[in-house]
Amino acid sequence: MPEEITPPNEAALPASHSRNESFTPSDNTSGLTPLFRAKPQHGHKPASWPTLLFGVLLPLFTFGIEATTRMCAEEFFDPMPTWWHHALVLAVPAGNFWVWWLVRRDAESARLTQAHRMVNGFVIGVALYYTLLYGPLLPLSVFAILIMGMGILPLTPIFALMASLFLTRHLRRLRAARHQLELPVPQRNPLAYAMLGFSFSCLLAGEAAEALTRYHLRNATAENSTASLSSVQWLRRYSSANTVLRACYGHTGDRMSLIGLLFNVAAPIDSFSARQVFYRMTGKSFETVEAPRLNRRWLDEPLRGFDDGTGETMSWMRPGLSLKTSHMDGSLDAQAGVSYLEWTMTFNNTSFVQQEARAHVALPPGGVVSRLTLWVNGEEREAAFAGRRQVQEAYENIVRQRRDPVLVTSAGPDRIQVQCFPVPPNGEMKIRFGITAPLSRIEEKTGWLRLPRLLERNFAIAPETKHKVWIEATHALASNTSELKAENPKPDLFALRGELPHLVLSKQFPSVQAERNAADTDSWTPDPFASNKQGVIVQRAALRPVNAPSRVLLLIDGSQGIATHAAFLADTLKHIPDEMPFKIMVAGDVVTTLRDWQPATPNARQAAANALRAYEFAGGTDNLAALAAAWDEANQKDDVNLVWIHAPQPVSFGTTFSLLQRFRPRPHMPQLYDLQTDNGPNLIAEAMDGQTAFRSLVRLGAFHEDLARTLREWRAVTQEWHFTRARVPGATTGAGKETSKHLARLWAKDEVQRMLDEPAPVMQPVVQEDNGKTKTPAVETPETRAIKLAAAYQIVTPVTGAVVLETQEQYERAGLTPVERQTVPTIPEPEVWALLIVALLTVAFVIWQRGSLWKLR
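Quantities reported herein were computed from a predicted structural model and do not represent experimental measurements.

(A) Main features of the overall build of the protein chain. Of the regular secondary structure elements, the protein chain holds 24 helices and 34 strands. Within the structure as shown, the protein chain displays about 41,600 Å² of accessible surface, and the carbon and sulfur contribution to it stands at 57%.

(B) Focus on unusual backbone geometry. Here phenylalanine 421 and proline 422 are connected by a cis peptide whose omega angle stands at -5 degrees. Mapped onto the elements, proline 422 comes out in strand S12 (residues 415-423). The phi dihedral of phenylalanine 509 is positive, around 50 degrees, even though this residue is not glycine. Mapping phenylalanine 509 onto the fold places it in the loop between helix H14 (502-507) and strand S21 (511-515). When its relative accessible area of 4% is taken as the criterion, phenylalanine 509 is described as buried.

(C) View of the side chain of threonine 621. With respect to the helices, strands and loops of the structure, threonine 621 is situated in the loop between helix H16 (602-614) and helix H17 (623-635). Assessed through its relative accessible area of 3%, threonine 621 is described here as buried. At 3.0 Å, the side chain of threonine 621 forms a polar contact with the side chain of aspartate 557. The residues contacting threonine 621, other than those within four sequence positions of it, are Tyr279, Asp557, Gly558, Ser559, Ala587, Gly588, Asp589, Gln649 and Phe653.

(D) How the structure looks around the nonpolar core. Grouped together as the largest cluster of nonpolar side chains are 69 residues, with contacts concentrated most on Leu332, Phe347, Phe433 and Phe459. With near-sequence residues (within four places) excluded, phenylalanine 347 lies in contact with Leu321, Ser322, Leu323, Lys324, Ala357, Cys420, Val423, Gly427, Glu428, Met429, Ile431 and Phe459. Grouped together as the second largest cluster of nonpolar side chains are 31 residues, Leu554, Leu569, Leu594 and Ala647 included.

(E) The arrangement of a nonpolar patch on the surface in detail. Taken together, Leu53, Phe54 and Leu57 make up a surface patch of nonpolar side chains, about 250 Å² in accessible area. On the accessibility criterion, phenylalanine 54 (31% relative accessible area) is partly exposed.

(F) Broad picture of the sheet that holds strand S17 (residues 466-473). Strand order in this open sheet of eight strands is S9-S8-S13-S6-S5-S17-S20-S19, and the pairing throughout is mixed. Whereas interior strands pair on both sides, the edge strands pair on one side only; in this sheet they are strand S9 (379-382) and strand S19 (484-490). Geometrically, the sheet is characterised by an average inter-axis angle of 20 degrees between neighbouring strands, direction not taken into account. Pairing of strand S5 (residues 321-333) with strand S6 (residues 338-349), which is carried by 12 bridges, proceeds in the antiparallel orientation. Along S6, the bridge assignment pairs histidine 327 with threonine 344. Its contacts with the sheet place helix H21 (residues 742-757) against S6, strand S8 (368-376) and strand S13 (427-438), and it is angled at close to 80 degrees to S13.

(G) Broad picture of the sheet that holds strand S24 (residues 551-557). Reading across from one edge, S26-S25-S24-S27-S28-S29 is the order of the six strands in this open sheet, with mixed pairing throughout. Both outer strands of the open sheet, strand S26 (591-598) and strand S29 (694-696), are each paired with one neighbouring strand and no more. Along the sheet, successive strands turn relative to each other by an average axial angle of 20 degrees, direction set aside. Bridge count between S24 and strand S27 (residues 640-646): six bridges; the pairing is parallel. Considered in S27, the bridge of leucine 555 is made with tryptophan 644. Against the sheet, H16 engages S24, strand S25 (582-587) and S26, with an angle of about 170 degrees to S26.

(H) Looking closely at the pattern of salt bridges. In total, this model carries 29 salt bridges according to the counting rule given. The partner of aspartate 596 in a salt bridge is lysine 583, and the shortest N-O contact between them spans 3.6 Å. A residue pair is termed long-range when its members are at least 10 positions apart, and aspartate 596 in strand S26 and lysine 583 in strand S25 qualify at 13 residues. Accessibility expressed as a relative area gives 45% for aspartate 596, which makes it partly exposed. Classification of lysine 583 by relative accessible area gives buried; the value is 5%. Here arginine 725 makes a salt bridge to aspartate 750, at a shortest N to O gap of 2.8 Å.

(I) Region of the structure containing the packing of aromatic side chains. The tally for this structure, following the rule as stated, stands at 17 aromatic pairs. Each ring, one from tryptophan 631 and one from phenylalanine 663, has its centre 4.4 Å from the other, and the planes form 25 degrees; the classification is stacked. Separated by 32 residues along the polypeptide, tryptophan 631 in helix H17 and phenylalanine 663 in the loop between helix H18 (657-662) and strand S28 (671-676) bring together distant segments of the chain. Here tryptophan 631 and phenylalanine 663 have matching classes, each one buried. An aromatic cluster is defined as three or more aromatic residues linked by ring pairs; in this entry it consists of Trp49, Phe97, Trp100 and Trp101. The side chain of arginine 699 reaches across the aromatic face of phenylalanine 509, ending 4.0 Å from its centre.

(J) Geometry of the packing of helix H1 (residues 49-69) against helix H6 (residues 156-180). Interhelical geometry of H1 versus H6 gives an angle of 145 degrees and a closest axis separation of 8 Å. Read as a crossing pair, H1 and H6 show a hand that is left-handed. On H6, the residues touching Thr51, Phe54, Gly55, Leu58, Pro59 and Thr62 of H1 are Thr156, Phe159, Ala160, Ala163 and Leu167. Taken together, the residues of the contact of H1 with H6 sort by class into seven nonpolar, four polar and no charged.

(K) Looking closely at the environment of proline 405. With respect to the element layout, proline 405 can be found in the loop between helix H13 (388-400) and strand S11 (406-410). Distance from proline 405 to cysteine 420, taken between C-alpha atoms, is 6.0 Å for residues 15 residues apart in sequence. With residues up to four places along the chain from it excluded, the contact list for proline 405 reads Leu374, Tyr395, Ile398, Val399, Gln419, Cys420, Phe421, Pro422, Met429, Val804 and Leu805.

(L) Quick peek at helix H22 (residues 782-792). For H22, the set of buried residues is Pro782, Ala786, Leu789 and Ala790. Here the buried residues of H22 occupy an arc of 95 degrees about the axis, which is enough to place them on one side. Packing partners of the buried residues in H22 comprise H21 and strand S34 (800-804). Looking one or two residues past H22, glutamine 794 carries a phi angle of roughly 60 degrees, positive in sign.

(M) Structural detail: the environment of aspartate 557. Note on placement: aspartate 557 falls in strand S24. Among the residues examined, aspartate 557 registers a relative accessible area of 0% and is labelled buried. Separated by 87 residues in the primary sequence, aspartate 557 and tryptophan 644 have C-alpha atoms spaced 7.7 Å apart. Apart from residues lying up to four places away in sequence, aspartate 557 is in contact with Ile562, Ala587, Phe617, Thr621, Asn623, Ile645, His646, Ala647 and Gln649. Within the local environment of aspartate 557, its side chain forms a polar contact with the backbone nitrogen of alanine 647, the two atoms lying 3.3 Å apart.

(N) Spotlight on the environment of aspartate 329. Examined against the element boundaries, aspartate 329 turns out to sit in strand S5. Given a relative accessible area of 26%, aspartate 329 falls into the partly exposed group. Separated by 139 residues in sequence, aspartate 329 and lysine 468 place their C-alpha atoms 8.2 Å apart. With residues up to four places along the chain from it excluded, the contact list for aspartate 329 reads Tyr340, Leu341, Glu342, Trp470 and Ile827.

(O) Representation of the pairing of strand S7 (residues 355-362) within the structure. S7 sits mainly inside the fold: seven of its eight residues count as buried. Pairing of S7 with S12 involves seven bridges; the strand directions are antiparallel. Note on S12: the bridge partner recorded for arginine 358 is glutamine 419.

What counts, and where the lines are drawn
- Residues numbered from 1 in each chain as written.
- Predicted model: local features only at pLDDT ≥ 70, side-chain atom pairs only at ≥ 80, totals over all residues.
- Heavy atoms only, no water.
- Helix = DSSP H or I, 4+ residues; strand = E, 2+ residues; numbered from the N terminus.
- Areas by Shrake-Rupley, 256 points an atom, 1.4 Å probe, with all protein chains shown as cover.
- Buried < 20%, exposed > 50% of the residue type's maximum accessible area, 1.4 Å probe, protein only.
- Polar contact = N/O pair within 3.5 Å; in protein donor to acceptor, adjacent residues only side chain to side chain.
- Contact = heavy atoms within 4.5 Å.
- Core = buried A, V, L, I, M, F, W, Y, C linked by side-chain atoms within 4.5 Å.
- Patch = residues over 30% accessible without salt bridge, like charges linked within 9 Å, V, L, I, M, F, W, Y side chains within 5 Å.
- Salt bridge = Lys/Arg side-chain N within 4 Å of Asp/Glu carboxyl O.
- Pairing = 2+ DSSP bridges.
- Axes fitted to C-alpha atoms, helices over the stretch in contact; angles between N-to-C directions.
- Phe/Tyr/Trp six-rings, centres within 6.5 Å; stacked < 30°, edge-to-face > 60°.
- Lys NZ or Arg CZ within 6 Å of the ring centre and 35° of its normal.
- Left-handed = near helix turned anticlockwise from the far one by under 90°.
- Nonpolar A, V, L, I, M, F, W, Y, C, P; charged D, E, K, R; others polar.
- Arc of directions from axis to C-beta.

In short, the description is geometric, and any link to function would need to be established separately.
Dropping the structure here:
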């Protein structure tokens, strides 16, 4: 309780200081009680109304504006991130009003206590803190006052601080006046002054965790690897991921923090570096985590979308953009090992602006895009196939004109990127791309085809969205998912039909199984793209021994994403072939050798499995550096297969140039097999586009089952079916059964890759005899020849792409030619006799109609 000074006995006071002393005129002798008492003369002056305006009313108004609109939180930083901060901010107008109400009274009636001084000190500490916090905005606020007066809001803390200081002066004057009147006054107590530091310290203490997080966040981006690793490990254990996550968005809606403000000024952290640190902390990309939330108009609204369980990075998801419908139609020839799928997508845009839809798609292994269609005003427009740079420039030029292009380019081994713009406001956009692919896996009586799936996207997919699938073949079909049902509509026609939920397509790697006859080994097709219209593509299937390696090196991602798969992975080690030397490396915070080279014995495999189960997977790790180290290790031995087992790789830790140099074709180089455990992006694989030594392990189900099957096949006695394709000149037919023209496209894909693996010729300058000057002769490079071949066969490769433009004029301006309608593949691809029958039926129908009309006449 505040201590009061007991007033002295009135009888002991001088008459001039008596509390009942009254002023009596000198001529008053009647002895009557006077009507007026004399006011004592002292230095106290009551607080003015402007103090109430700037110290009470303006803070209340600003609090209400920020609490309901969150203007400052959305544009700069959040000054009231918690309800505790709300209470501290409200303490300023409440405390100022209590003190103001006291000092408005005269010295005699005002009951001054120690609590008034303590509250005043507490309010000054809060106002001082917010004044410093809003300091960088003060210059802008002065100019913003001229615009609707809103600049007054950031000035509120300094006005409230000045009002509180004025009230402090009034309290001193009131104390002096009451002391002059010898009225009770509180004793001087340092606690009243300490309240200023207490409130200021309370606000600073609330930032301690964030300040430490910001310090280690900044330190985690340091070039010193030891200091960086130490800070990352601290962030994993103690920090709140929310602070780092906000930094990934460029401090959008950042928490109120004075120390953080100093960090931002002295050592700013760019959003790209923050995203790398967030991945190293959590093992997740910042886009796949629910974004920071802001209390906007009392609603808890997310800033961005987040991973819905599919593993697909929803990077910068466009609001209002979604996938409305999805259809997969296909045909399959199991004997020839050839398939063709068409994926038709319709995008819906409910916003009021044009938007671009983007997606990365995983193709069936060995697949290639061979058709691209865009619907313009209800009509189908086909694509032009050309060099990658040429189609990208055409797309960008049309996008700047706000017209209708769609672009498909390669984005890594068996991956493509699809871009289409614009999806009109409150409208739809429909595209289709065709995929020519060999069967993913061939057995004696069975062939498997894995369906394509989305890896990344910037559009939403509703949970109830399903992909309609219809595939036909001349042999019985089956699937590894219950959603696809087998049908047999005709004796020689089989089909697979159903609706795949999007989560099933993303997580379960749906595949189609087709029966085949191992006796039918040869197939052929006329080459429809030969320049002289003569030529045949022939293919032969034969059993050959599996190219089993002499050694196996397993590089395992040490990220948190592998932790849930570690037990399955450890059990899979038992399938390493007996006596085959193997080594296990882990791409952790540092590259670790879990088990060095040793023959695969039961004891060695069990010891490796135990070590793998005991390993602590944490955060996200730099697999790029680990891949380079593992490749160098594998390159020191002969005949090594390097298997990279990893979670999605959404973050790149540097340039891939050094790794690409290691992949230059040369004899006896290691083979790298990429095995990703879950659906999602892989930036490292995107950089490996066109590298023969970088292969994706065939996925037909759970990753550990696919790995176990591959390890079992790496035995000397194992055989596999293998297709060899060749182009035979002339007009003769090949042996065996005629199949789809997609066989020619697969041959062209193999030829393009062979050309890209050729070393570029080194031409020496020669001296011309006529003028004596040197000149380097122009020679067609392997890449140039690969571009011409891929464009002629209408396929998307690492060096070519496909683009659909809106008008013929746009094609001519870009130097492109759309494909001819008769060369576009369809589902099913019609034979010549089928086209003739359709034509005859059409002619017969027209004649019949004309005869009916003649009779009516």
